[in-house]
Amino acid sequence: MKEKVEFSKDNTLALKGIAIIMMMFHHCFRKIELFENYKISFFPLNQEFIINISLVFKICVSIFIFITGYGLTLSLKKLNSKYKWNSKEICKWIINRLIKTLSSFWIVAIISYLICQIIDGTTKDIFFLDGIAYGIFKMIINFLGLSKIFKIDDFNSTWWYMSLAILFIFSVPIFIKLFKKYNYISVLLFAIFIPRIMTCEFIINSYITFLFPLLMGIIFAEKNLVVKYANFKINKNYYFNKILKFIIETVVIIFMYFLSVDLPDNLFWEMKFGIIPIFLICYTYEFFIDISIFKHILQFLGKHSMNIFLIHEFIRTNYLTDYIYSYRNFIKIIFILTLISLILSILLEIFKKLIKYNKLIERLNKITNNIVEKMYKEKQETNLIIEEKIYK
């Protein structure tokens, strides 16, 4: 082991790999109703522990959101190191980020609509039971990732996240400006207390629930805190320091597990979905994700994490439920579900290359950038005309 230099893209891919495995556990074993019809072996652990740890693994969402906040902040820093953007620059940045985020979703959505309709008519049942016009509207909203915002049922139960991803793209520039103007503590306290003062109803998959890890992602990116934490020394001797930190942090992780199991979501969501997953990120970054036996597998899973996230529920819930749970061992079930999802993701990437999908997205980016340029040019010309008239 040596001192950490940066929180790199490979590191974030490895963390996404860890998060996607957590997601598999969460969706397969978070409640007994999911597997009660199958005789599942949890050896050498027990059923209660696996249910509890699967519930705790809801923090996989927080890990993805923390990485999102971190990455978007660095992207904006590249745009301008002092975060001083004009309206045209930020407009182009938002559109480009939206297209980048949604492009992976669009291809999966289109294929899913077609395949599910062919297999069992699911697409028609979900979208068109209330008429063609409303069905087309629902499909467009779903395709744009806005179903949760419009409170319309998603085509896939996990696709609610796309609405949050869109909102976070708009949110990060705003919160960076707020941090600069009012300081970090003030904005964090505002984000924590305002929902409580307004007695907002707690919803597990809401924007408010996962705002804290997004804000922490921004702060950690700005201050490089993941690297600084990993390099923090309790003792001057490098090896003794690492051993001591590993023991202390492992004990803290165990304590946080029990804390997460016992704390009610509706009161302590910043702790459960913010502090705990961020500590886990720092812990795994410092001690595990650079170990060769782990990092290549985790990075590979991380590269396919978006596709796996979008695809896996069709396998587990819709079409291969009996097959997945037929393996009757919790490790085998997770492995098979991950493997099938990964294979489909690889095939999807091959298909995207064959149809030159990424080039189509690049072209779309260029078109939108040109539209923005034209709009602002016309706006500038209009302003000049108005100014001339005023002075005349």
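In this text, all values refer to a predicted model and were calculated from it rather than measured experimentally. (Residues numbered from 1 in each chain as written. Predicted model: local features only at pLDDT ≥ 70, side-chain atom pairs only at ≥ 80, totals over all residues. Heavy atoms only, no water.)

1. Let's talk about the overall build of the protein chain
If you tally the helices and strands in the protein chain, you get 17 helices and zero strands. For a compact globule of 392 residues, the expected C-alpha radius of gyration is about 21 Å, and the protein chain comes in at 23 Å, within 12% of that figure. If you line up the protein chain on its principal axes, its C-alpha atoms span 85 × 65 × 45 Å. Counting across all 392 residues of the protein chain, residues that qualify as buried make up 47%. Intrachain contacts of the protein chain at a sequence separation of at least 6 include 75% that bridge at least 24 residues. Accessible area of the protein chain: about 21400 Å², with a carbon and sulfur share of 66%. (Helix = DSSP H or I, 4+ residues; strand = E, 2+ residues; numbered from the N terminus. Rg over C-alpha atoms; globule rule 2.2 N^0.38 Å. Buried < 20%, exposed > 50% of the residue type's maximum accessible area, 1.4 Å probe, protein only. Contact = heavy atoms within 4.5 Å. Areas by Shrake-Rupley, 256 points an atom, 1.4 Å probe, with all protein chains shown as cover.)

2. What about the nonpolar core?
Counting 113 residues, the largest nonpolar core has Phe 7, Phe 29, Ile 40, Phe 66, Trp 159 and Tyr 325 as its most contacted members. Here this core takes 13 residues from helix H4 (residues 87–120), the largest share from any one element. Residues within four places of Ile 40 in sequence aside, it is in contact with Phe 29, Phe 35, Tyr 325, Arg 328, Asn 329, Phe 330 and Ile 333. (Core = buried A, V, L, I, M, F, W, Y, C linked by side-chain atoms within 4.5 Å.)

3. Some details on the state of the cysteines
Covalent bonding between the sulfur atoms of two cysteines defines a disulfide. Going through the model one piece at a time under the given rule, you end up with zero disulfides. Here Cys 28 stays free of any disulfide, with the sulfur of Cys 60 as its closest cysteine sulfur at 12 Å. On the basis of relative accessible area, Cys 28 is assigned to the buried category, the value being 0%. Classification of Cys 60 by relative accessible area gives buried; the value is 2%. (Disulfide = S-S within 2.5 Å.)

4. Focus: helix H12 (residues 269–287)
The end-to-end C-alpha separation of H12 is 26 Å, in line with the 27 Å expected for 19 residues at 1.5 Å each. In terms of burial, H12 is a largely internal element, 17 of the 19 residues being buried. (Expected span 1.5 Å × (residues − 1).)

5. Topic: the pattern of salt bridges
Counted under the stated rule, the structure contains nine salt bridges. With a shortest N-O distance of 3.3 Å, Glu 373 and Lys 88 are connected by a salt bridge. Taken as a pair, Glu 373 in helix H17 (residues 357–391) and Lys 88 in helix H4 lie far apart in primary sequence, 285 residues in all. A relative accessible area of 27% places Lys 88 in the partly exposed class. (Salt bridge = Lys/Arg side-chain N within 4 Å of Asp/Glu carboxyl O.)

6. Some remarks on unusual backbone geometry
Following Phe 43, the chain continues to Pro 44 via a peptide bond in cis, the omega torsion being 5 degrees. In this structure, Pro 44 sits in the loop between helix H1 (9–29) and helix H2 (47–56). Look at Tyr 83: it is not a glycine, yet its phi comes out positive at around 60 degrees. Within the secondary structure, Tyr 83 sits in the loop between helix H3 (60–79) and H4. Backbone geometry places Lys 356, a non-glycine residue, at a positive phi of 55 degrees. Secondary-structure assignment places Lys 356 in the loop between helix H16 (330–354) and H17.

7. Looking at the packing of aromatic side chains
Applying the stated criterion to the full structure yields 41 aromatic pairs. Here Phe 105 and Trp 159 contribute two aromatic rings whose centre-to-centre distance is 5.0 Å and whose plane-to-plane angle is 85 degrees, an arrangement assigned as edge-to-face. On the criterion of sequence distance, the pair formed by Phe 105 in helix H4 and Trp 159 in the loop between helix H6 (132–143) and helix H7 (161–182) is long-range, its members being 54 residues apart. On the accessibility criterion, Phe 105 (0% relative accessible area) is buried. (Phe/Tyr/Trp six-rings, centres within 6.5 Å; stacked < 30°, edge-to-face > 60°.)

8. Describing the side chain of Lys 245
Mapped onto the secondary structure, Lys 245 falls in helix H11 (residues 238–262). Beyond its immediate stretch of four places on either side in the chain, Lys 245 contacts Tyr 229, Ala 230, Phe 232, Ile 234, Glu 286 and Phe 287.

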